[in-house]
Amino acid sequence: SSGINAEYGALSSKMMHWRIVFAFTLFTLCLGSNLPNGTYVQLFSCDGSFHQQWDVSGVFVSGGDQTIRLKTQETMCLDISGYGTDNGSMIWLFNCHTNDKNPAHQNQEWTWNTKSGNIVSTLSGLCMDTANDGVWDGTEIWIWECDSDSSQQWYYNETDSSIRGAQSGLCLDAGSIAPRPCDLSPFNGYPYCNPNLSIAQRVQDLVSRIPTSEMFGLFGNNANGASSIALPAYQWWSEALHGVAISPGVSFTGNTPCATSFPQVCTTGATFDVSLFAAIGEAVSTEARAFANVGHAGLTFWAPNLNIFRDPRWGRGQETPGEAPYPTSEYVRNFVY
C-alpha cells in the first residue's frame, strides 16, 4: 500500500508539472494586441503617436453617434468602465457598441461644450476629469461632478487630432505605460527616490511629504494616492492563492483576459513536493508581474495562506497546505522564494 501511494504521489507530481507548463503556455497565448478592450486612458506628453489621435466627429457633427473614437482604430471608443455613473468611475478604451440601445449602457456617449471645455457623459451628466488633479504623465482619467476647475477643460487640436487638457497641456493617451513616481521630475530628486538610502530613511522622507489632507485616503486597501507627490492611487487587495484571481486589484480585461488557475492549496500540499510548490509560486509571480506591467494589478498579492488547518469547521482549510506545521512551512518557504 505504501509503495502504491508513493508511486501515485510521484506520478501526480509529474502530471502537475506538465499541467503548469501547459497552463502557462495558454496564459501567454491569451495575451492580446497592444490596444485591447480595457486599455486605460491617461494623460501623457503630446508626441503625435497614434494612440493620441482621436476622431471627435461623433460629438461635433450634427446627427453624430456622440462617440469619441481612436482615429487609427475606429472600432474603439472612449468608454466609462462598468457603465459607471459615480464620481471616480474610470475611463478606458472599449469596443464601440452604438447598436446597444439599453439606456443604462450609453456609457460611450459624450457631449462637448466648446465654450466651457467640458466633455460630459450623457449617461451620468458627470464631466471627464483628471484623477486627483494630476498634471503629469500617467495621470488617469475619470468622470467627476462638473465644476469650473481647469482639470475638466479640454480642447481639440486639429493639427494632430489630439485632445489636450487645459490645465496640464498634456494629451489623452490610450497606449503608453504610466511612469513610476520616481521617474518624474522633481520627485526623482527627493530622498525617498534615492536607492542609496536605507528603506527606513526613504519611508520617513516619503511620509513626511504627504500632507494630512491626503493621508486619510491611504488607510484602506483602495488607497487614493497623494497627488502632491505624484503618488498614484493603489489597490493593494489582489488575490493569488492558487493563481492570479478575481479581486478588487486585478483586472481581467484587455491583454490580460485570463490567468492560470492551479488546484486548491490543500491538494497541492498533499503532494509533499517542494519543487512543485516553488514551480507554482514562480508561475504565479510571473503572471502577476505581467498583469502589473500593463496596469491591471498591483504588486501586492494575498498569498500564500500559512494558517494551520486545525479544525474543518473553520471553513477555509482548502486554502492551506494542511494540518502539519513543518510541511506548511516548507510550502510557504518554497512558494515565496
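See the structure above.
Residues numbered from 1 in each chain as written. Predicted model: local features only at pLDDT ≥ 70, side-chain atom pairs only at ≥ 80, totals over all residues. Heavy atoms only, no water.

### Let's talk about the state of the cysteines
One pass over the structure, following the stated rule, counts four disulfides. Bridging C182 to C193, the disulfide has an S-S length of 1.9 Å. Residues C182 and C193 share a disulfide whose torsion about the S-S bond is about -80°; that sign makes it left-handed. With C182 in the loop between strand 13 (171-173) and helix 3 (199-208) and C193 in the loop between strand 13 and helix 3, this residue pair connects regions lying eleven residues apart in the sequence. For C182, a relative accessible area of 31% puts it in the partly exposed group. (Disulfide = S-S within 2.5 Å. Helix = DSSP H or I, 4+ residues; strand = E, 2+ residues; numbered from the N terminus. Buried < 20%, exposed > 50% of the residue type's maximum accessible area, 1.4 Å probe, protein only.)

### With respect to the pattern of salt bridges
Applying the stated rule across the entire model yields six salt bridges. Among the salt bridges present, the one from R164 reaches D160, with a minimum N-O distance of 2.6 Å. The buried category is assigned to R164, whose relative accessible area is 17%. For R209, the salt bridge identified is with D205, shortest N-O distance 3.0 Å. (Salt bridge = Lys/Arg side-chain N within 4 Å of Asp/Glu carboxyl O.)

### Some words on helix 7 (residues 325-336)
Taking 1.5 Å of rise per residue, the twelve residues of helix 7 would be expected to cover 16 Å, and the 17 Å separating its terminal C-alpha atoms lies within 8% of that figure. Restricting attention to buried positions, one finds in helix 7 the residues T328, E330, Y331, V332, N334 and F335. Structurally, helix 7 contributes buried residues whose contacts are with helix 5 (265-269) and helix 6 (274-293). (Expected span 1.5 Å × (residues − 1). Contact = heavy atoms within 4.5 Å.)

### A word on the packing of aromatic side chains
Tallied over the full model, the rule gives twelve aromatic pairs. On the numbers, 6.0 Å between centres and 85° between planes, the contact of F187 with Y190 is edge-to-face. Note on W237 and W302: the rings are 5.0 Å apart at their centroids and 10° apart in plane angle, and the pair reads as stacked. With W237 in the loop between strand 15 (234-235) and strand 16 (238-239) and W302 in strand 17 (residues 301-302), this residue pair connects regions lying 65 residues apart in the sequence. (Phe/Tyr/Trp six-rings, centres within 6.5 Å; stacked < 30°, edge-to-face > 60°.)

### Things to note about unusual backbone geometry
A cis amide bond links S185 to the next residue, P186, at an omega of 10°. Looking at the element boundaries, P186 is found in the loop between strand 13 and helix 3. Geometrically, the link from A303 to P304 is a cis peptide bond, its omega value of -5° lying close to zero. Residue position: P304 is located in the loop between strand 17 and helix 7. Even without glycine at this site, Y83 takes up a positive phi of about 55°. Relative to the assigned elements, Y83 resides in the loop between strand 5 (73-80) and strand 6 (91-95). Classification of Y83 as partly exposed rests on a relative accessible area of 36%. Even without glycine at this site, S161 takes up a positive phi of about 60°. Within the secondary structure, S161 is located in the loop between strand 11 (154-157) and strand 12 (162-165).

Keep in mind these numbers describe shape, not what the thing actually does.
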